[in-house]
Structures are given as C-alpha cells and as structure tokens.
Amino acid sequence: MLLLLKVEFCSTTIIKGISFSSVCYNTMLWKSNISVWRAWRSWKSSLHSSTACASSGPGPLDRSEELSSALTPKPPHTPVMLKEVLHYLDVQPGQVVLDLTFGGGGHTKAILNMVHDVTVLALDRDPAAISLALQLAKEHSGRVKPLLGRFSELEALLSNMNIQPGSIDAVLLDAGCSSMQMDQAQRGFALSKDGPLDMRMDGERYPDMPCAADVVNTLDQQALASILTAYGEERHARKIASAIVEARRVNPITQTQQLASVVAGSFPAAVVHARKDRLQRPAHVATKTFQALRIFVNDELNELHAGLRAARSALTPGGRLCVITFHSLEDRLVKRFLQGEDLSNLDQYHFSPRKQGAGRKDLAEGKRDVGSVDWLPLRRKVITPERDNVKDNPRGRSAKLRAVLRR
C-alpha cells in the first residue's frame, strides 16, 4: 500500500487538495520521506528570490487586448469531437450553457452558430483564453458571458452573477491542456517547442505560483519520482528523477527542450525511439514527464473533481453534462464520479485501474448501466473520436467523451 505524506504551507488560507497559488502551497506526495518536507521548506524560503519563471507584467483582465495579441496563436482552433458534443448536449433555443473550459472557443462558437437564442457562460482559468471570450462576447452581444477562474471558483463566480444552483441547462467540461496553450512555446507546455519551463495554466494571475521549473529544480529525487509515478504513470520515474537531479547540479533546468533532453539522456538510444502513440507514431520518452509536471503544477485532478461537483450543483434536473478527458487519470476520476463513488477525500484516492474482476462485480450490481442517483448515462460506453476526426485533429486521438443526464 502506498503511504502518503501531506505537506502544506499557506500564507493566509488553505485550499483543499494539491494547490499552488499566491495564497497557498499544499501538496500530496506518494511517498513518506522526510526529504520531501525539507525540499518544500527550502522552496518556501527561496520562492520569492527564484527567477526560473520570472514574471513580467501585471494581472489579467485589465490587459485583455494586449494578452490577446501577444499570446493568441494564428492557426484556427479545432475543437475535439465537435459533432458528438453538439449531439449529446442537444442545446435548445432559450437555454443557458456552461462551457468548461472555453480554451480557443471552438465548442462555444459552434453552439452559438447552431442555436441563435442561447446564452453561453464561458469559464477559463487562462487570461489569454478569456481575452478571446471577451472578443467573442463583443461579436455576440449578451450571448457570451466570460468568467475568469478555476473550476474550484465556479460556484462563487456564478453566485456573483446571481445565477442560482439548478438553473443551467447544459454543461461541457473539457479537461486538460488546450491546443492554444500547447501551441505557444513561451507557455512551456510542449516539449517539441523550446521555451521557458512554465506550464502554469493561470498565466500571470498568481505571480508567486511555482512553475514547472521550480518543481524540477527544487524537489528532491524521491519527491520527483513520486510525482512522475502518480501523475504520469511513468514506469521509469526513478531513473528520470535521478537524471534530473544530476543535470540540475551542473545547470538549472529552465527550458522545455532542456528537460526533454535530460529525460531522453537517461535512456538507451533504442528505448528513446521505441515509444509509440496511439497512431503508432514515434512518441518522445519525456511525454509522461511533461504530463505529470503539468498536472502537479496546476492541481488538475482536484480541479477536475471541483468542476464535476460544480456542474452537478449548477445543472437543472434533466440538464446534460458532457465531459471530455485526455488521459486515463482524468477518465477514471470522471467515470467513478458519475457512478456515484464518494471522492470527497480525493487526496487519498489513487486512480489506478481496478483489478480484474472488479469490473464484473460492478456490472453485476448494475452500476455501469444505470449510473448513480445523480446521473443517467446517455450512452453506456465511453465515446471516442472517429478515425476521420483523429486524422483532422491528431491531438484529440486520446480523447474520451462521457455524456450523462442530471436526474
């Protein structure tokens, strides 16, 4: 059984779960080792003097036009499984739709074009995405209402807009990293583009929030291996963590391709070129490392759980929820939430695959067919992209869509 060590330090208030922000740093690591605590104490004392991800410029909304021109990519956004999302959301005239997350706005634009008398609440934690939502709101006066914030802040944001619980007709929750973020080298999400090792989805909203460079240059080897194992499901986590620690002794790791090279250097050449993605294309050995760091820095699993709870509260009876995930950790969390499992203590919930036989037991009890007391599945099986969709948008090849009705 894995032992957990909870390490937290806050300047004002505590945010539940794994969270990095200007007010709280609180993490759950999958090892019980005093060195983790020492690493975090060292991080706390040196955080304000760190220059690995130095910020330049003030906060978000008052600079929306500047952010848009500086951070918005020129290529058009391709939404994942658009046809399936529109089908299962089944938006009707006069309804209110909540788009989580807005991202490049592809799903919202399609909804607006398909149903003219509809209001879309567009939430995103990324100021660059909200700048696009603000532009879209100008084009569709009164039909788009941008909301800057995380999933965990949604209930407060809706309350501030006098939107009562149980009044939303449809919710789309698109988890993970957006194509817009991946396409911008300066955001540090993509290992194929050289840029600062950042990975903060909130951009500069929280200047003191640690970035990926802070993680790889501060935490000890055991803590790094724990992160790679828990959030990247990386089998070679110890080897990679050891390589990172050795490399940073020479020079701090501050660039994406610098980290990718360090990870690749820890493997023999034959292994580096052996990994394949779902299209049987060569996959970089650092892919899971980047995934793990991104999830850890942005507290993505706790935020996803918060988004699901907020969607449940916001939806009217008979309202529809569509959730798109991109890796197994997200999908397992969503599946178990929709089945009614108690995930209230998410810090101690390990989303590993169930042992063989557990699925048969659930099926015999009818859990997978009828859903929970809160949800009625609109389709029994998870929905995956069609072959043509994958060819047009390879980044969506691992996407899974789950569609349910609020009871």
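Just so it is clear, the model here is predicted, and its values are computed rather than measured.

Some remarks on the packing of helix α14 (residues 300-314) against helix α15 (residues 328-338)
Here comes step 1: At a minimum axis separation of 10 Å, α14 and α15 run at an interaxial angle of 30°. As far as their axial angle goes, α15 and α14 are roughly parallel. In the packing of α14 onto α15, the handedness of the crossing is right-handed. Mapping the contact onto sequence places Glu300, Leu301, Leu304, His305, Leu308, Arg309 and Arg312 in α14 and Leu329, Glu330, Leu333, Val334 and Phe337 in α15.
Here comes step 2: Grouping the constituent residues of the contact of α14 with α15 by class yields seven nonpolar, one polar and four charged.

Overview of the packing of aromatic side chains
Here comes step 1: Under the criterion given, the structure shown has two aromatic pairs.
Here comes step 2: The interplanar angle of 35° and the centroid separation of 6.1 Å between the aromatic rings of tyrosine 231 and phenylalanine 296 together place this pair among those described as tilted. Taken as a pair, tyrosine 231 in helix α9 (residues 221-232) and phenylalanine 296 in helix α13 (residues 287-298) lie far apart in primary sequence, 65 residues in all. Grouping residues by exposure puts tyrosine 231 and phenylalanine 296 together as buried.
Here comes step 3: The interplanar angle of 50° and the centroid separation of 6.5 Å between the aromatic rings of phenylalanine 337 and tryptophan 375 together place this pair among those described as tilted. Residue phenylalanine 337 is located in helix α15, and its partner tryptophan 375 is located in strand β9 (residues 375-377); the two are separated by 38 residues in the primary sequence.
Here comes step 4: Judged by its relative accessible area of 4%, phenylalanine 337 falls in the buried class.
Here comes step 5: On the accessibility criterion, tryptophan 375 (1% relative accessible area) is buried.
Here comes step 6: In this structure, arginine 406 is placed above the aromatic ring of tryptophan 375, and the distance from its NZ or CZ to the ring centre is 5.7 Å.

Considerations on unusual backbone geometry
Here comes step 1: Going from leucine 100 to threonine 101, the amide bond is cis rather than trans, its omega being 5°.
Here comes step 2: Turning to its location among the elements, threonine 101 is positioned in the loop between β4 (96-100) and α4 (106-114).
Here comes step 3: With phi around 60°, asparagine 162 is a residue other than glycine that occupies positive phi space.
Here comes step 4: Within the secondary structure layout, asparagine 162 lies in the loop between α6 (154-160) and β7 (168-174).
Here comes step 5: With phi around 50°, glutamate 233 is a residue other than glycine that occupies positive phi space.
Here comes step 6: Tracing the backbone shows glutamate 233 in the loop between α9 and α10 (237-250).
Here comes step 7: Accessibility expressed as a relative area gives 30% for glutamate 233, which makes it partly exposed.

Remarks on the sheet that holds strand β8 (residues 315-325)
Here comes step 1: Across the sheet, seven strands lie side by side as β6-β5-β4-β7-β8-β10-β9; this open sheet has mixed pairing. This sheet does not close on itself; its edge strands, each paired only once, are β6 (144-148) and β9. Pairwise comparison of adjacent strand axes, ignoring direction, gives a mean angle of 20° for this sheet.
Here comes step 2: Where β9 meets strand β10 (residues 400-406), three bridges bridge the pair, whose relative direction is antiparallel. In the strand pairing of β10, proline 377 is matched with valine 404.
Here comes step 3: In the packing of α15 onto the sheet, the strands contacted are β8, β9 and β10, and the crossing angle to β10 comes to about 20°.

Topic: the pairing of β6
Here comes step 1: As paired strands, strand β5 (residues 119-124) and β6 are joined by five bridges and run parallel to one another. When the sheet's bridge partners are listed, leucine 123 is paired in β6 with leucine 147.
Here comes step 2: One crossover worth recording links β5 to the parallel β6 by way of helix α5 (residues 127-139), and it is right-handed.

Some remarks on the environment of methionine 114
Here comes step 1: As for its position among the elements, methionine 114 is in helix α4.
Here comes step 2: For methionine 114, a relative accessible area of 42% gives the class partly exposed.
Here comes step 3: Separated by 23 residues in the primary sequence, methionine 114 and valine 91 place their C-alpha atoms 8.6 Å from one another.

Here we look at the side chain of threonine 101
Here comes step 1: Judged by its relative accessible area of 18%, threonine 101 falls in the buried class.
Here comes step 2: Of the polar contacts made by the side chain of threonine 101, one reaches the backbone oxygen of aspartate 174; its length is 2.9 Å.
Here comes step 3: Ignoring anything within four residues of it in the chain, the contact list for threonine 101 reads Leu123, Asp124, Arg125, Phe151, Leu172 and Asp174.

Some points on α10
Residue pairs spaced three or four apart in an α-helix point in one direction, given the helix's 3.6 residues per turn.
Here comes step 1: Over its 14 residues, α10 extends 21 Å from the first C-alpha to the last, a length consistent with the 20 Å expected when each residue adds 1.5 Å.
Here comes step 2: Those residues of α10 that sit buried are Ala237, Ile240, Ala241, Ala243, Ile244, Val245 and Arg248.

Considering the confidence of the model for the protein chain
Here comes step 1: Of all residues in the protein chain, 71% have pLDDT values of 70 or greater, and the mean over the chain is 79.
Here comes step 2: Every residue in residues 54-75 is under pLDDT 50, and counting partners more than four places away or in other chains gives 29 contacts.
Here comes step 3: This model gives residues 352-369 a pLDDT under 50, and the stretch forms 20 contacts once residues within four places in sequence are excluded.

Calculation notes
- Residues numbered from 1 in each chain as written.
- Predicted model: local features only at pLDDT ≥ 70, side-chain atom pairs only at ≥ 80, totals over all residues.
- Heavy atoms only, no water.
- Axes fitted to C-alpha atoms, helices over the stretch in contact; angles between N-to-C directions.
- Helix = DSSP H or I, 4+ residues; strand = E, 2+ residues; numbered from the N terminus.
- Parallel < 35°, antiparallel > 145°, perpendicular 65-115°, else oblique.
- Left-handed = near helix turned anticlockwise from the far one by under 90°.
- Contact = heavy atoms within 4.5 Å.
- Nonpolar A, V, L, I, M, F, W, Y, C, P; charged D, E, K, R; others polar.
- Phe/Tyr/Trp six-rings, centres within 6.5 Å; stacked < 30°, edge-to-face > 60°.
- Buried < 20%, exposed > 50% of the residue type's maximum accessible area, 1.4 Å probe, protein only.
- Lys NZ or Arg CZ within 6 Å of the ring centre and 35° of its normal.
- Pairing = 2+ DSSP bridges.
- Right-handed = clockwise from strand over helix to strand, strands pointing away.
- Polar contact = N/O pair within 3.5 Å; in protein donor to acceptor, adjacent residues only side chain to side chain.
- Expected span 1.5 Å × (residues − 1).
- pLDDT = per-residue confidence, 0-100.

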